[in-house]
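# Per-entry structural report
Here is what each chain is made of, one letter per residue.
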Amino acid sequence: MRKSKKILLGVSALILLIAVIWLAHYLIRYYFYNEYKEDLSSYEYEEGFEFAPISESESDVDGMLLAAENDTLKLYADTQTGEVAIVDKRNGQIVRSNPLDADEDEIATETNKNYLKSQLIVDYFNTSRTEGTFDSYSYCTSRGQLEAEGIENGIRFLYTIGDLTSATGIVPQYISKETLDNVMTLMSEEGAKFTAKKFVESDVAEGYMEMLESTVKGASQIRKLNKYFEEAGFTTDDYMREMANSGVEGAIPISFMIPLEYRLNEDGVDVSVPMCRVEEYGGGTLFRIQLLRYFGTAGTDEDGYMLVPNGSGSLICFNNGKTTASTYSEYVYGIDPLASEYTVMENTEDVKMALFGIFREKSGIFATIEDGASLSYLSAGVSGKINEYNYVYPTFVLRGNDKLAMFGSTGNEAELPIVETNFYDANLTVRYSMLTEDYSGYAGAANYYRERLINEGVLTAREEEKEDIKFYYDVLGGVTMTKFFIGVQYDGLYAMTTFNEAADISNDLAKSGITNQVMNYQGWMNGGYYHDVVDKIKVPHKLGGKSDLEALNDTVSKNGGSFYADVAFQKVTYISKRYSYNKETSRYYGTGYVADFGLVNPANLRKTSGLGYSENLYDLISPKFLVRYTDKFTRKINNYDIEGISLRDLGDELHSDKKRTNVIDREMALDVVTAQLASIEGTGKSIMLNDGNDYSFAYADDIINAPLTGNDYYIVDENVPFYEMLIHGYIDYSGSVINLSDAYDKTDVVLNLIENGASPHFMFTWGNANEIKRTGLNRFYATTYTNWKEDALAIYEEVNNALKYVNNASIVNHEILDNGVRAVSYSNGITIYVNETYADQNVDGVSVPARSYGIGGV
């Protein structure tokens, strides 16, 4: 009996020990793991001082005060309306925050006129989670609720936005007995007696008095009370304090205090909203801010266009007459997947650049979102729709919101809005650069911005210069295939292209004259294309193992090319064996569901389908845990003698984690992602990015699947290669995979590549592509190398014949000529003319055949 007891106690102790060890492991691995916080950035808030305008003999802007000045610009401000104006000393141009003649607009409604006179337009939820909108003119400046203070090189406006009027004036409906007694001692005897009769004890809070309901409804009594309270020195601030302290919901009106800062820099102005000093009152919760909607806006009597980052870049001409078109609106870096709908209504290219511009004949405004870009979306509209102006501006989403379906309810009550508790703490900043005639138009803006990126160390000149352009090709290696063993189904690895077979492709291309080749080998580790998480690296023997992988790298290098091994960090396949989807995946705020996605089901258009293959489903890893996997990968990858790493999703995927106890917003995620890019760069490996966003430029040696055109929005007038104009000559790039294109026309492909200065990009398999039909990658249906070799060689030869002259030069100008020809000029003096029309053209003495190109300056 005693022995049995000892055994029982021993077993219990062992179980307890195991439980303690498991709990400790869980807490350390998941709950207490916060290394991502080391990557988060911060900002400092500059304390303001009493605003004192700079004296000058004569103002350049009537009715405004000089707030700041440097060698290039003057910043003027109106401390009553909040309007500012920037005077460019170089050309005398004046850029205003708001149009001068808003009230004369013949199209705008009263609301839209108020918007024209506003610097901020905010959307909010009230305590009932109903949406509302305040504009800074109607609910601040026109009510005298604006304050100004000085800051270094600029001015800060403090906007108290909201309807602060009260049915009882400055007399609080709820007031503490102590305060009421003190106020009455300062009144006349008559006033004190009258006031004492109008308040009774209240149960809203201990020691509180409440105004009689009959008094609240009596206008004459309220007027009398306000007179007595004013004589006693009672103020609006006192009113707000008493009502707030009462604890009564809705006792004080919804309002917001928002600081808006303007600081001059060398050739522009930085406009900021430091969210750390935003205050919310009355139970209101901000969730969106439109910033300077009409800054630099153009009227109906002006010529020019707006630049928007649609795909590679697009132009919207002033007054283009497209008043029935939807307003241009796109999220910077794409919408956060955790904020998007599951149903995909359109297939569009995400925004890659946090920038926009407004350009006139002799001047331009070029804007870059310096902080808060991942929280923003850009909008643009033309005159004739809601007003007589052409405009482009950013909107910042300050907190997420979701809707919970309520079972057993119908109508409006069926969905309950859920709003994140705290707004995102970022120093929302847009830099507006004033461009002169030296940097005119979108081409001038590209030259200006490229120079800035070079000075900031984002872009660096390539060390090695080659005459021929690069030829990019993905090689599909290991894929997950459904197999059977004695009637039992299982998922196994199938080698579409082994390492040795990939080496044969490289050698064959080299023999055909393509030496400057870039191979991106996909599916080289951890189970193939849909590989397991990268805390470990295991190269399958079916592909040839580690030795053949390194031999492949050597082969490509000896042929004159570069080798990259493809890795996915943020999208974890559903069939991963070492990943805890329930603990490590980003979550939705309202429902708490994990963020899992897949391919778009053509039947219901939902992007949650595996289309019959579970490996097509994936989870989005939380930024919190991305750090762990990147750290382990970077420590292991140097054991492999390969030249480069191709980042399938680290250069373009940006998502938040809405877990309620630890919200990581997209700006925080951006800090984490860029830190991981820097960590991978620290391995010494070259980096290839897939469809890279602009924040990844600093780490990229090559970019594949770069945007070579824009989304086909009706409001857009022209697509331009602004993305390419920034990076050509500094980062080599290609467009999307040619042999997987929905519409394959060889001439269109060649002309598009030449205009964009881009290299061809193909996907190859050594094995017959028919084998892919039994895998989750059956969408890669046309990849057999022998079938596509001749087309690939022909396209490369034709594109290379044009671009080899400018391979190492920058694009300094891009023009859309009246005859349909597009002229692309480079820093080495060469101009390439691309003629997509069906008629021969002659431009600057250069013959440009129909559906072909010509070269000038050779």
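Shown above is the structure to which this text applies.
Residues numbered from 1 in each chain as written. Predicted model: local features only at pLDDT ≥ 70, side-chain atom pairs only at ≥ 80, totals over all residues. Heavy atoms only, no water.

Our focus in this paragraph is the sheet that holds strand S44 (residues 831–835). Pairing within the open sheet is antiparallel, and its four strands lie in the order S42-S43-S44-S47. Edge positions in the sheet fall to strand S42 (811–816) and strand S47 (852–856), since each has one partner strand and no second. On average, each strand axis in the sheet is inclined to that of its neighbour by 15°, with strand direction left out of account. Here S42 runs beside strand S43 (residues 821–826); their pairing, made up of five bridges, is antiparallel. Residue pairing across strands places Asn813 opposite Ser825, the latter belonging to S43. (Pairing = 2+ DSSP bridges. Helix = DSSP H or I, 4+ residues; strand = E, 2+ residues; numbered from the N terminus. Axes fitted to C-alpha atoms, helices over the stretch in contact; angles between N-to-C directions.)

As a further point, take the pairing of strand S22 (residues 364–371). For S22, the buried fraction is high: six of the eight residues fall into the buried class. As paired elements, strand S21 (residues 355–359) and S22 share five bridges and run antiparallel to each other. Opposite Leu355, over in S22, you have Thr368 as the bridge partner. Connecting S21 to the next strand, S22, in antiparallel fashion are four residues. Two strands pair when backbone bridges link them, and S22 and strand S27 (residues 427–435) are joined in this way by seven bridges, in the antiparallel orientation. Note on S27: the bridge partner recorded for Phe366 is Ser433. (Buried < 20%, exposed > 50% of the residue type's maximum accessible area, 1.4 Å probe, protein only.)

This next bit is on the packing of aromatic side chains. Counting across every chain of the model gives 44 aromatic pairs. Pairing Phe157 with Tyr262 gives two aromatic rings, centres 6.2 Å apart and planes at 85°, and the pair type is edge-to-face. Of this pair, Phe157 sits in strand S9 (residues 154–162) while Tyr262 sits in strand S13 (residues 255–264), and the two are 105 residues apart along the sequence. For Tyr262, a relative accessible area of 0% puts it in the buried group. Through a chain of ring-to-ring contacts, three or more aromatic side chains come together here, namely Phe471, Tyr473, Tyr744, Phe762, Phe764, Trp766, Tyr785, Trp788 and Tyr796. One cation-aromatic arrangement involves Lys322 over Tyr714; the distance from NZ or CZ to the ring centre is 5.2 Å. The ring of Tyr33 has Arg628 sitting right over it, with the charged end atom 4.1 Å from the ring centre. (Phe/Tyr/Trp six-rings, centres within 6.5 Å; stacked < 30°, edge-to-face > 60°. Lys NZ or Arg CZ within 6 Å of the ring centre and 35° of its normal.)

You can see Thr747 is positioned in helix H15 (residues 746–756). Between the alpha carbons of Thr747 and Ala568 there is a distance of 33 Å; along the sequence they are 179 residues apart.

With that settled, consider the nonpolar core. Counting 181 residues, the largest nonpolar core has Tyr432, Trp524 and Phe722 as the members making the most contacts within it. Top contributing element to this core by residue count: helix H16 (residues 785–803), with nine residues. Setting aside residues up to four positions removed in sequence, Tyr432 forms contacts with Asp267, Gly268, Val269, Val271, Leu291, Leu292, Phe295, Phe356, Ile365, Phe366, Ala367 and Pro394. (Core = buried A, V, L, I, M, F, W, Y, C linked by side-chain atoms within 4.5 Å. Contact = heavy atoms within 4.5 Å.)

A few words now on the pattern of salt bridges. On inspection of all chains with the given rule, the structure shows 40 salt bridges. The shortest N-O distance in the salt bridge between Asp691 and Lys352 comes to 3.0 Å. Of this pair, Asp691 sits in the loop between strand S37 (686–690) and strand S38 (702–704) while Lys352 sits in the loop between strand S20 (328–331) and S21; the two residues are 339 residues apart in sequence, bridging distant segments of the chain. Considered together, Asp691 and Lys352 belong to a single accessibility category, that of buried residues. (Salt bridge = Lys/Arg side-chain N within 4 Å of Asp/Glu carboxyl O.)

At Asp791, H16 shows its maximal bend, which comes to roughly 25°. Every buried residue of H16 is listed here: Tyr785, Trp788, Lys789, Ala792, Leu793, Ile795, Tyr796, Val799, Asn800, Ala802 and Leu803. (Bend = angle between axes of the 7 residues up to and from the residue.)

Structural measurements only, silent on function.
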